[in-house]
Each structure stands twice: as structure tokens, then as C-alpha cells.
Amino acid sequence: MKEKTKKSFDFSRYYPLFFTVVFVFILFQYSFSSLEAIFYDLRVKYDIGVSQNTEIILIVMDEESDEFLGESYPYSFATHYHLFENLAKDKPKVINYFVGFKGPTGPLDQDNLSRFKGSISSYISGGGIFRFGTAMDSWGQRLPPESLRTFGYSLSIINEDKNVFSKDSVSRRAILNYSGEDSLHLWTANEYRQSKGLKSLPANSHKGSYYLREADATFALVRFFTSPLEASKKIKRIPFHSVRVGNFPEGYFKDKIVLIGPSYISNSEDYVATPYDKETTRSSKMALHAVIINALINQDTVYQIPKRVTHALCLIIAIFLSIMISWLKPTYGLLLTVGVMLFSLLVAYLLFITFGLWLYITHIVLTVFVVYYIWVPFRAIGEYQRRYAIQEETKLLKKVENLKQNFISLMSHDLKTPVAKIAGLTDNMLNQRQFASPEGEKNLKAIVDSTKELNKFITSILDLTKIESRNLTLNMINKDINNTVESVINNLRFEATNSTVIVEQELGPLYPIQFDPNLMNRVLSNLIENAIKYSGEGSKVFVRTWDDDKWVYIEIEDNGVGIPPGDIENIFEKFYRVKNDASHSIKGTGLGLYLVKYFVELHGGSISVSSEMGQGTKFQIKLKNE
């Protein structure tokens, strides 16, 4: 019985995969929030999946209004009373006041405060919705004057990521609820939804909302329907003084949400950094209030896909890329790596704009880099080892080839001398009739024929050696190829007559061309002799020549048995012989057609063959007509 051998398991092939998985798990220990913020903010900036329609109008207090009114922020209650009277006449749906009022400064200011309070009451009794927005400072919540607090107030804080995520003070999320009380943004959004017959949404029902115990607040990431930098293109904006004097079209505020507050270029507190301007802090807080309210009305918040999903995707990608890179060529591996990374970024973007889903993409991107930069060195080492082995093998093969060529060359040269002696002695014996019987004469002639065949074989081997050693040179002369064709046919007339084969020639008039007569003689001799041998008794061989502007054509055609289709593509190979009945009875080396093709191509020409079983074979040579 044959002993079964156990194949040893090659663990070395899996070292890169092991290191890849280890490094990927190490990546999971870090959040890379600063890098993820870049990818997240890019999705926000190019978010095309958010509704661009808004029902919000901003009334801004700025340097222009200060100059026009001759007052400074926060303006007198008389000014606010006149503005509110003009605004209420246009019947807006919701009014939010983001003004940090101070108490009345005197009896007149107190009277104007009462008038302002009365106009707010009239607006609310007429079906309007009103709310003050308050801010936080080191002293706590900054409340409106006591007489105005009855109208309601809510915190309107613009949250900045100072202690979470990338900690870059960029505003990405909204506060929905603080200490159990809805923020002004959520309150306003719900009041507006109810006025439109829609369901009010508590803080925890918004997609992606979460409660943070340390802040005692509920937060949610919001999708920006417009850049706060370019709010004027999507959000209507009008100066405070224009409304104060009634300079606006009738119906301009009807059924709208109106936000009233400061937006002073000189006051940095009126501006905040957003994903659109993380470095310059040029986004107006008033515009951001409008963006947040609009997002809550339309439920355009963001849900973060759990990181465990990202981690699972990282492992799948790491294993997939590791396997593919280990199989593919380095170029294809690089293309696949880039493709996987771009595909991952595209999927993350599509999830965001279509469903408001935030896929943590940084770990996936870094995983792709880790896989590539771990596997590339291992592949490079493997490629170097294979290349070195191939180089050493090539050197050894060259040595073996040189030894083989030297041996064949020496052997062939040494064989030529005794073969020539045998042929010479046999010819002398035949000429001097040194044989005792007809049987002896027959044997001597057989010896002569055998030496001729052996000499042809040795010549072919020598030619092959010269070809493989690149030592064959052409002896080009300018001559009419028809002369060489006729010479070859005449030399083979006797053989054709003995085989009862008729050789017909149709040689067109040709100009002399450059060729090596000796090599071309051997080419034509081989092809015409093969046609005579293999066409069979009583057949015909046709030899034709003609030319055109570029080529001289030589065609040798017989009407013999033909060549099987499976052998056509191999007949010009070294030592290949067609397997049929004729090949067993006809002697040959299997080098003739190989040498023919090489000699023709050495002249810059080409040779082609076509054959049909039972119909014959046709060889066509093309030589340059120059």
C-alpha cells in the first residue's frame, strides 16, 4: 500500500490577515472624532435630501437699524410696540422674540411696555402663537421683564460641540428639551405642526434623539436645509426698522413663523461656527434658529447607526480586501482598494441624504488603508522571492541551454565528417562497381540515401542551433525570385517524376527583390518537396508567383489528403509532425516548417497555410516588394 502523506498547514500565508484583524481591533479603541467630523460635515454641506421650502422669516436687528432708528440694542419698548402692531396686522402664525429685554427706564417706558404687552395679548387672542426665547449665562437663564413672562418663554440655546464629538465648537445638534422643558425650537415646531393639523412630537420621538444625564437635556443632530451663511437665499430676511415703519408688502408675514432677534456683525456672540464655516464663525445665530426649527417641523434629524455595525462592516471589508489583494495583481489590488473606499463613502452619503442615517465612516476608511498597507509589503516580499527564484531558474536554464547548444553544435559538426566519409566511400564503390551482386548494389544505394537523410537532419539541427543562439545572418542580394523558384522545381523534377506527380508553374513577371538566395532556396525546396511527398501519386502541385505594390507572393498548392484542422495551428512548431498514414512512411525531422517560417519572417515576410481534408493544402509566402 502507498503511504499517505499529510500536507502541512502553511500558517505563514495567514500572517498578514492576522495582523490586519489585530490592527483593525486596535482602531476600534479610538473614535477619531476630528476626522469623522470632516466626513460628517461634508455630508451636511452636500445634503440634497432635505426639503428646501421654509415658512420662516427673520426680522433682524443690526447696525443698519440702529442708525435708522437712532437707538441701540435692545431698543425702546415704544419701538417694539410699533413694530409689533405693524407685524400683527399681517397675521403671522408664530412670533418668536430672541431679544434680551431690560426693565423699563422710566414712567414713559413703563407705559410703552404696557402698550407692547397689550399688542401681544391682542395678537394671541386673535389666534396667534407667541413665545420669548431666552439664553443662558453664568447667572442662569436670562428671563424677559416680569410683566411679559406670562406670555411664556423657553430656552433657545444654540448648542456647540465643545465637550462632545470633535470638540471644535461647531454647532451640529439642537437641544430639544432641558430639565424636562421643551426648548423654544421644539415648542415652536410643535405649535406650528398643530396649527397645520399635524401631530405634536415630543423630544424623544425625533429620530436619533438622545438624553444626556450630565446636561439633563435631550439632543438631536439636525440636517441643514440651507447654509446659515447663505440664509438670505433660502430664508426671507428683513431689517427691523423696515417693519417698524411698515415698509413691507401686504401679506408678507401671513401664516409665517417670524423670528425677531439681533444679528450684529460687530458682536461675535450673534454668530456661531457651523459645518459650512468651521474656521470663520460667520453664520448668524438667527439663521441657525430658523434651520433648527425647520428641521424639527419636517422631522429632519439624524440617526447615528450604532458603531458595532461599523465595526462589523470593517471586519467584513478587512477580510474581503485581504483575500482579494492576496489573489489579484498589485495594480488590480490598488484599483479594488480605491473602489471599496469610494463605494463606502458613496453608501454613507446616500444613507445620509436618503434616510438621515449617519454611518461612522472613519473606521471603514482607515480599515481600507490598514489592509492595503499591511498586505502590500507582504505581497512585495512574496513577489521579490518569486522574482528571485525565477531569475535564478532563468540563469540555470540559460546555462543548460548553452550547454545543449554547444553539445548539439559539436555533435552535428563531428557527425558531418563521418557521414561525408561514408557517403564518399559508398559513391566510390558504386562508381567502381565494387559489389558482388545486384543485392549489394541495392544496399549501397540505400546507404547513400540514408546518409543524405542524415545529412539533412544534421543541417536542420545546425540551423536550429544558429537560430536559438541568434548567430544566423542574412546574405541579401538583389535578384528575381522566379529564378530561384524555377531552379528548385528543376532540382525536384526527378523526385516528382518518380512519384508520378506533375508540378505546374505559373510565374508572373516580377521585379528583383532583396533576399538571401540560399535560405530562400531551402524554404521553397522544403515546401515544394513536402507537396510532392504528401500529395500522393498521380496528383498535381501548383507553384504560382505574382506581386502588388507592397508584396511579392509565392503560392505552393497541392491536391493531396490535406491537413486536419487540429494540426494546422501547430505545423510550424519545432519537431511537430502531422499524425497520418503518410507521416509514418515519409521520413522527416519535424523542423522543416519551423525553419521555413523563421527564414521567411527573418526576411520581414510572412507565411500562411490553408487546408481542407481530401482537397489539398495551400501555402502562401509574402515577401517585401523592395
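Residues numbered from 1 in each chain as written. Predicted model: local features only at pLDDT ≥ 70, side-chain atom pairs only at ≥ 80, totals over all residues. Heavy atoms only, no water.

This part takes up the overall build of the chain. Counting its regular elements, the chain contains 19 helices and 22 strands. Per-residue burial over the chain gives 44% buried out of 626 residues. Contacts in the chain between residues at least 24 apart in sequence constitute 73% of all its contacts with a sequence separation of at least 6. Here the chain displays about 34,000 Å² of accessible surface, and carbon together with sulfur accounts for 55% of that area. (Helix = DSSP H or I, 4+ residues; strand = E, 2+ residues; numbered from the N terminus. Buried < 20%, exposed > 50% of the residue type's maximum accessible area, 1.4 Å probe, protein only. Contact = heavy atoms within 4.5 Å. Areas by Shrake-Rupley, 256 points an atom, 1.4 Å probe, with all protein chains shown as cover.)

This brings us to the pattern of salt bridges. Scanning the entire structure with this criterion turns up 15 salt bridges. The residue Arg223 makes a salt bridge to Asp47 at a minimum N-O spacing of 2.9 Å. Residue Arg223 is found in the loop between strand 9 (217–222) and helix 7 (231–234), and its partner Asp47 is found in the loop between helix 2 (33–45) and strand 1 (56–61); the two are separated by 176 residues along the sequence. Considered together, Arg223 and Asp47 belong to a single accessibility category, that of buried residues. When the shortest N-O distance is used, the salt bridge between Glu555 and Arg544 registers 2.9 Å. Here Glu555 is found in strand 20 (residues 551–558), whereas its partner Arg544 is found in strand 19 (residues 540–547), with 11 residues between them in sequence. A network of salt bridges, in which partner residues are shared, links Asp41, Asp161, Asp168, Arg172, Arg173 and Lys278. (Salt bridge = Lys/Arg side-chain N within 4 Å of Asp/Glu carboxyl O.)

Taken as a whole and assessed by the stated rule, the structure comprises 33 aromatic pairs. Here the aromatic rings of Tyr40 and Phe165 are separated by 6.3 Å at their centres, their planes lie at 85 degrees, and the arrangement is edge-to-face. Taken as a pair, Tyr40 in helix 2 and Phe165 in the loop between strand 5 (153–155) and strand 6 (173–178) lie far apart in primary sequence, 125 residues in all. As far as the burial class goes, Tyr40 and Phe165 line up, both buried. What links up through ring pairs into an aromatic cluster is the set Phe77, Phe84, Tyr97, Phe101, Phe116, Tyr123, Phe130, Phe132 and Phe151. Sitting above the plane of the Trp187 ring, Arg131 keeps its charged end 4.5 Å from the centroid. Across from the ring centre of Tyr360, 4.4 Å away, lies the NZ or CZ of Lys307, which sits over that ring. (Phe/Tyr/Trp six-rings, centres within 6.5 Å; stacked < 30°, edge-to-face > 60°. Lys NZ or Arg CZ within 6 Å of the ring centre and 35° of its normal.)

Further remarks concern empty space enclosed by the protein. Taken as a whole and assessed by the stated rule, the structure comprises 1 cavity of 30 Å³ or more. As a volume, the largest cavity reaches approximately 40 Å³. Lining the largest cavity are Leu155, Ser156, Ile157, Ile175, Tyr178, Ser183 and His185. Tallied by class, the residues present in the lining of the largest cavity amount to 4 nonpolar, 3 polar and no charged. (1 Å grid on protein atoms, 1.4 Å probe; cavity = no way out; pocket = protein on both sides within 12 Å on 5 of 7 lines; lining within 4 Å. Points joined across faces, edges and corners; volume = space filled by probe spheres on them. Nonpolar A, V, L, I, M, F, W, Y, C, P; charged D, E, K, R; others polar.)

So, on to the layout of surface pockets. Of the volumes computed, that of the second largest pocket is approximately 1,200 Å³. Taken together, 46 residues make up the lining of the second largest pocket; nearest its centre are Ala135, Met136, Ile157, Ile158 and Lys285. Counting only elements with at least two residues in the lining of the second largest pocket, the list comes to strand 3 (129–137), strand 6, strand 8 (210–212), strand 9, strand 12 (271–272) and helix 9 (285–297). With 5 residues, strand 3 is the largest single contributor of residues to the lining of the second largest pocket. Of the residues belonging to the lining of the second largest pocket, the class tally is 26 nonpolar, 11 polar and 9 charged.

The next subject is unusual backbone geometry. Residue Pro74 follows Tyr73 across a cis peptide bond; omega there is 10 degrees. Mapped onto the elements of the fold, Pro74 is located in the loop between helix 3 (63–69) and helix 4 (77–89). Phi at Ser169 takes a positive value of approximately 60 degrees, unusual for a residue other than glycine. Here Ser169 is to be found in the loop between strand 5 and strand 6. With a phi close to 60 degrees, Gln299 is a non-glycine residue in the positive phi region. Tracing the sequence through the fold places Gln299 in the loop between helix 9 and strand 14 (301–304).

Before going further, it helps to spend a moment on the sheet that holds strand 19. One open sheet accounts for 5 strands, arranged 17-19-20-22-21; its pairing is mixed. The sheet is open, and its two edges are formed by strand 17 (502–507) and strand 21 (606–612), each paired on a single side. Averaged over all adjacent pairs, the angle separating strand axes in this sheet is 10 degrees, with direction ignored. Two elements, strand 17 and strand 19, share 6 bridges in a ladder whose sense is parallel. Along strand 19, the bridge assignment pairs Glu506 with Arg544. (Pairing = 2+ DSSP bridges. Axes fitted to C-alpha atoms, helices over the stretch in contact; angles between N-to-C directions.)

Before going further, it helps to examine the environment of Lys597. Relative to the helices and strands, Lys597 is located in helix 19 (residues 592–602). What makes Lys597 partly exposed here is its relative accessible area of 26%. Through-space distance from the C-alpha of Lys597 to that of Phe572 is 6.7 Å; in sequence the pair is 25 residues apart. In this view, Lys597 contacts Phe572 and Ile607; residues no more than four positions away in its chain are not counted.

This part takes up the packing of helix 1 (residues 15–27) against helix 10 (residues 307–327). A pair of packed helices can be characterised by two numbers: the angle between their axes and the separation between those axes. Two elements in contact, helix 1 and helix 10, have axes whose closest approach is 10 Å; the angle formed by their N-to-C orientations is 155 degrees. Compared by their axis directions, helix 1 and helix 10 come out roughly antiparallel. Crossing angle aside, the handedness with which helix 1 passes helix 10 is right-handed. Between helix 1 and helix 10, the residues in contact are Leu17, Thr20, Val21, Val24 and Phe25 and Cys314, Leu315, Ala318, Ile319 and Ser322, respectively. By residue class, the composition of the contact of helix 1 with helix 10 is 8 nonpolar, 2 polar and no charged. (Parallel < 35°, antiparallel > 145°, perpendicular 65-115°, else oblique. Left-handed = near helix turned anticlockwise from the far one by under 90°.)

Time to look at the packing of helix 14 (residues 481–491) against helix 16 (residues 517–535). Relative orientation of the contacting elements helix 14 and helix 16 amounts to 45 degrees, with a least axis distance of 9 Å. The angle between helix 14 and helix 16 falls in the class oblique. Crossing geometry of helix 14 relative to helix 16 is assigned as right-handed. The residues of helix 16 that touch helix 14, namely those facing Ile481, Thr484, Val485, Ser487, Val488 and Ile489, are Met520, Asn521, Leu524, Ser525 and Ile528. Looking at the contact of helix 14 with helix 16, its residues break down into 7 nonpolar, 4 polar and no charged.

That's the geometry; what it means functionally is another story.
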